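# Inside the fold
So you can see what is in the structure, the chains are spelled out below.
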Amino acid sequence: MHAELIDGVAVSKKIRDEVAARCAALAARGVVPGLTVVLVGDDAASAVYVRNKEKQSVEAGMKGETIRLPASTSQEELLAVVDRLNADPAVHGILVQMPLPKQIDPQTVIRRLAPHKDVDGFHPVNVGKVLIGEKDGFAPCTPAGVQMLLQEYGVDTGGKHVVIIGRSNIVGKPMASLLIQPGKGGDATVTICHSRTPDLSWHTKRADIVIAAVGRPGTVTGDMLKPGAVVIDVGINRIADPTTKSGARLVGDVDFESARLTASKITPVPGGVGQMTIALLLRNTVRAAEQSIPAATVAG
Ligand code: NDP
């Protein structure tokens, strides 16, 4: 068997087109969705992510802005910036790029965000809403993107056994929250595995859907899968590769070549889940802008 590729590039474009149409409809009502990203310090990878977020938000018709603060910024100074953005009616979505310098506690900053502007979906109010199943909260972008990829590729999660590898607050835990909800895109039976799980393959071999979010290449190999399983690879790992110009390349957590022989559908890295994260961020932001208008129609 050769697995069908789940194309995150195509699906994310579809979402960005939908977001652009919603931005145009808002513009006609005099509202320009505003997304402000706060970047503290000069982490090279974060700078690339932030540039992409700003570029794609502007392309969708938003007011995308980045506030760059020095690595020496104190927690109080960052909280003052968050307070200002919380109070600014032109800002509908705020994202504080992680990781933060060590003098700043990330949870204190996340808790300071106005929940209705927390388009990353990490504020405890949004985490709780997603767990409860309240639709007006914001789900974290990466797991929401995974759920959308499954839906777009006709993978019905209802009654399926999903094994998630990884229990972070960013991916693993919210992924489980989304998949156990009753209804479309949910109704799954979920197992969460982590570094203390003995015999990972015992679990993965029983999974209809495997979602790997570990940060370790080769965590899942083809012999760990049930034939026909759907494989979603969230991992992004840079490994040395002297055959490339840069001397490195990106791989996921799944050994793609062996897994594609057993799986029925699989996401590539790059070109899979990674493409979805910013698209879902834009989608959350346009929804935040729609929800800021009294009695606005909320399209989802
Ligand atoms: P974390 O490091 O926060 O979490 C990794 C999880 O994997 C932990 O729960 C850890 O267990 C578990 N784990 C580690 N080793 C093993 C093992 N041998 N067997 C089973 N579980 C293991 O990472 P994130 O969740 O933030 O990210 C995971 C990956 O996804 C990374 O590669 C990251 O780059 C990528 N990512 C991609 C995104 C995208 O846009 N596509 C967005 C976010 C992340 P324990 O809790 O016990 O330590």
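These numbers come from a predicted model, not from an experiment.

The rules behind these values
Residues numbered from 1 in each chain as written. Predicted model: local features only at pLDDT ≥ 70, side-chain atom pairs only at ≥ 80, totals over all residues. Heavy atoms only, no water. Helix = DSSP H or I, 4+ residues; strand = E, 2+ residues; numbered from the N terminus. Rg over C-alpha atoms; globule rule 2.2 N^0.38 Å. Buried < 20%, exposed > 50% of the residue type's maximum accessible area, 1.4 Å probe, protein only. Contact = heavy atoms within 4.5 Å. Areas by Shrake-Rupley, 256 points an atom, 1.4 Å probe, with all protein chains shown as cover. Lys, Arg positive; Asp, Glu negative; His and termini not counted. Charge placed at Lys NZ, Arg CZ, Asp CG, Glu CD. Axes fitted to C-alpha atoms, helices over the stretch in contact; angles between N-to-C directions. Parallel < 35°, antiparallel > 145°, perpendicular 65-115°, else oblique. Left-handed = near helix turned anticlockwise from the far one by under 90°. Nonpolar A, V, L, I, M, F, W, Y, C, P; charged D, E, K, R; others polar. Phe/Tyr/Trp six-rings, centres within 6.5 Å; stacked < 30°, edge-to-face > 60°. Lys NZ or Arg CZ within 6 Å of the ring centre and 35° of its normal. Near = heavy atom within 4 Å. Polar contact = N/O pair within 3.5 Å; in protein donor to acceptor, adjacent residues only side chain to side chain.

Here we take up the overall build of the chain. The helix and strand tally for the chain stands at 10 helices and 11 strands. Here the chain has a C-alpha radius of gyration of 19 Å; the compact-globule value for 300 residues is 19 Å, and the two agree. Counting only C-alpha atoms, the chain reaches 55 × 45 × 35 Å along its principal axes. A total of 300 residues make up the chain; the buried ones form 51% of that total. Long-range pairs, those at least 24 residues apart, make up 68% of the contacts in the chain between residues at least 6 apart in sequence. Total accessible area on the chain is roughly 13900 Å²; 56% of this is exposed by carbon and sulfur atoms. Computed over 33 positive and 30 negative side-chain charges, the inter-centroid distance for the chain is 1 Å.

In this structure, Pro 99 follows Met 98 across a cis peptide bond, with omega equal to 0°. Look at the link from Val 269 to Pro 270: it is a cis peptide, with omega at 0°. With respect to the secondary-structure elements, Pro 270 resides in the loop between β11 (265-266) and α10 (274-291). Even without being a glycine, Asp 199 presents a positive backbone phi close to 55°.

This part is about the packing of helix α2 (residues 44-59) against α10. For the pair α2 and α10, the least separation of the axes is 10 Å and the interaxial angle reads 50°. Here α10 runs oblique to α2, going by the angle between their axes. Handedness of the α2/α10 crossing: right-handed. Contact with α2, carried on its side by Tyr 49, Asn 52, Lys 53, Gln 56 and Ser 57, involves Ile 278, Leu 281 and Leu 282 of α10 and no other residues of that element. Of the residues in the contact of α2 with α10, the class split is 4 nonpolar, 3 polar and 1 charged.

For the rest of this paragraph, the subject is the packing of aromatic side chains. Centre distance and the angle of the planes are the two values used to describe a pair of aromatic rings. Tallying each qualifying case throughout the model produces 0 aromatic pairs. Of note, Arg 206 hangs over the ring of Trp 202, and the distance from its end group to the ring centre comes to 3.9 Å.

Bringing the site of the ligand into the picture now. Inspection of the region around the ligand gives 19 residues, with Arg 167, Ser 168, Ser 195, Ile 236 and Thr 277 positioned closest. Taking Ser 195, its side chain carries an N or O atom lying 2.5 Å from an oxygen atom of the ligand. Within the side chain of Thr 277, a nitrogen or oxygen atom sits 2.7 Å from an oxygen atom of the ligand. Within the complex, 69% of the 930 Å² of free accessible area of the ligand lies under protein. Of the residues belonging to the shell around the ligand, the class tally is 7 nonpolar, 10 polar and 2 charged.

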